[in-house]
Amino acid sequence: MASIDILHPHSKSPKQARKAVEDVAKKLSERFDMEYGWDGDTLNFSRSGVDGKIALLADTLRVTANLGFLLSAMKGPIEAEIRRVLSDKFD
């Protein structure tokens, strides 16, 4: 099982950061049939083959995910796409 752990700095207010993460989660949900929900300032997400969370910290996002066997082979491209989306939404 492969894992992803990304720290991404941001300068958004907590409300702006939460909205941006929610927007990303909605798109992922529609595109990949992913379920998600908030637990305080952490968005948990899952679908077959992946289980993860996005924690909203004061000036940083922390994205962690565990990839199942089949998605482990795609860790590099998945991580690159996460970083691209974070750059688009939070830079």
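Coordinates for the structure precede this section.
Below you will find a few notes about this structure. (Residues numbered from 1 in each chain as written. Predicted model: local features only at pLDDT ≥ 70, side-chain atom pairs only at ≥ 80, totals over all residues. Heavy atoms only, no water.)

Attention now moves to the packing of aromatic side chains. This model, assessed by the stated rule, comprises zero aromatic pairs. Lying across the ring of W38, R18 places its NZ or CZ 3.9 Å from the centre. (Phe/Tyr/Trp six-rings, centres within 6.5 Å; stacked < 30°, edge-to-face > 60°. Lys NZ or Arg CZ within 6 Å of the ring centre and 35° of its normal.)

To continue, consider the pattern of salt bridges. All told, the structure shown has six salt bridges when counted by the stated rule. The salt bridge involving R83 is made with E79; its shortest N-O contact spans 3.1 Å. Residue R83 and its partner E79 are both found in helix 3 (residues 75-90); the two are separated by four residues, about one turn of the helix. Residue E81 pairs with R84 through a salt bridge whose shortest N-O separation is 2.7 Å. Of this pair, E81 and R84 both sit in helix 3, three residues apart, which is roughly one turn of the helix. A relative accessible area of 42% places R84 in the partly exposed class. In the salt-bridge network here, residues are joined through shared partners; they are E81, R84 and D88. (Salt bridge = Lys/Arg side-chain N within 4 Å of Asp/Glu carboxyl O. Helix = DSSP H or I, 4+ residues; strand = E, 2+ residues; numbered from the N terminus. Buried < 20%, exposed > 50% of the residue type's maximum accessible area, 1.4 Å probe, protein only.)

It is worth spelling out the layout of surface pockets at this point. Within this model, the largest pocket holds a volume of roughly 760 Å³. L28, F32, I78, E81 and I82 are the residues nearest the centre of the largest pocket, which is lined by 28 residues in total. Considering each element in turn, the lining of the largest pocket owes the most residues, nine residues, to helix 3. (1 Å grid on protein atoms, 1.4 Å probe; cavity = no way out; pocket = protein on both sides within 12 Å on 5 of 7 lines; lining within 4 Å. Points joined across faces, edges and corners; volume = space filled by probe spheres on them.)

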